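# Fold and contact review
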Amino acid sequence: MVRMGRRAVLFGGLGVLAVAGVAARDEIERAWWLLPGVSKPRKEGELDHAGASWTSASPANWRMADRPDDYRVDRIVVHVTQGSFESSVDAFKNPWHKASAHYIVRQDGHVEQMVRELDVAFHAGNRSMNERSVGIEHEGFVDRPKDFTDEMYAASARLAADVCHRYGIPVDRRHILGHSEVPGADHTDPGPHWDWDRYLRLVGEALAATAA
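Residues numbered from 1 in each chain as written. Predicted model: local features only at pLDDT ≥ 70, side-chain atom pairs only at ≥ 80, totals over all residues. Heavy atoms only, no water.

Our next topic: the environment of Ala155. Mapped onto the elements, Ala155 comes out in helix H4 (residues 150-167). Distance in space between the C-alpha atoms of Ala155 and Val111 is 7.3 Å, their sequence separation being 44 residues. Those residues in contact with Ala155, other than ones at most four positions away along the chain, are Val105, Gly109 and Val111. (Helix = DSSP H or I, 4+ residues; strand = E, 2+ residues; numbered from the N terminus. Contact = heavy atoms within 4.5 Å.)

As structure tokens, then:
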């Protein structure tokens, strides 16, 4: 049996405490923003998707968070605006609207970001789904298949692939769902004319290109 001297025991204990201290410090640094009134620095207009432009939704229509540290992001919810691109942007800027989405995709393929992905947009009508998902609106009406243009599908697929890449979201119908499929939802979008097979194929191809 080897006996350890008091000095060895002392410095061994200090080493354990040092490791524990580093771990505790890392945890404190990771969670400091959970304190009331504290949030990580952010810049107005900062984008999560490189292909987007920025217009800020009213702060009444989303909640500040720090995803994915406080809420994991593992879903994408597909919406249709039931209106024009301009009217949807105006609605999300209106504090009385009480709803928003992270992105709106226009029929010509333009992407507008209105809420940062790290924040919780009020888009799904379900608090848990809002906290875990990214909401993507698409300009048009559910009963007009002509509104779902090639440009829109392609741009939205690139956006969804970007989101899937950053959060490790599988490209399938369990993780990419329509607003009508959210538990408790009373909406019908994206409706029967949204081509899910085409959309998931395009997302998968865009994700493979991103990974490559």
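The next thing to look at is the packing of aromatic side chains. This model, assessed by the stated rule, comprises 5 aromatic pairs. Note on Tyr153 and Trp194: the rings are 4.7 Å apart at their centroids and 40 degrees apart in plane angle, and the pair reads as tilted. Of this pair, Tyr153 sits in helix H4 while Trp194 sits in the loop between strand S8 (176-178) and helix H5 (196-211), and the two are 41 residues apart along the sequence. Tyr153 sits in the buried class, given a relative accessible area of 2%. Relative accessible area serves as the criterion here: at 3%, Trp194 is assigned to the buried category. (Phe/Tyr/Trp six-rings, centres within 6.5 Å; stacked < 30°, edge-to-face > 60°. Buried < 20%, exposed > 50% of the residue type's maximum accessible area, 1.4 Å probe, protein only.)

Quick look at the pairing of strand S3 (residues 75-78) now. Both faces of S3 are covered, namely the face carrying Arg75 and Val77 and the face carrying Ile76 and Val78. Of the strand pairs in this sheet, S3 and strand S7 (residues 133-138) are connected by 4 bridges, and their pairing is parallel. Bridge assignment links Ile76 to a residue of S7, and that residue is Val134. Across 3 bridges, S3 lies against S8 in parallel orientation. Residue pairing for S8: Ile76 is matched across the bridge by Ile176. (Pairing = 2+ DSSP bridges.)

Looking now at the side chain of Asn126. Within the secondary structure, Asn126 sits in the loop between strand S6 (120-121) and helix H3 (127-132). The class for Asn126 is buried, based on a relative accessible area of 18%. Of the polar contacts made by the side chain of Asn126, one reaches the backbone nitrogen of Met129; its length is 2.9 Å. Every residue in contact with Asn126, bar those within four places of it in the chain, is listed here: Val182 and Pro183. (Polar contact = N/O pair within 3.5 Å; in protein donor to acceptor, adjacent residues only side chain to side chain.)

Now for the nonpolar core. Ranked by size, the top nonpolar core spans 30 residues in total, and within it Ile76, Ile136, Ile176, Trp194 and Tyr199 carry the most contacts. Only S3, strand S4 (103-105), S7, H4 and H5 provide two or more residues apiece to this core. When residues in this core are grouped by element, the largest group, 9 residues, is from H4. Each residue touching Ile176, except ones within four places of it in the same chain, is listed here: Ile76, Val78, Cys164, Pro170, Val171, Trp196, Tyr199, Leu200 and Val203. Trp62, Val89, Ala91 and Ile104 belong to the second-largest nonpolar core, a separate cluster that totals 11 residues. (Core = buried A, V, L, I, M, F, W, Y, C linked by side-chain atoms within 4.5 Å.)

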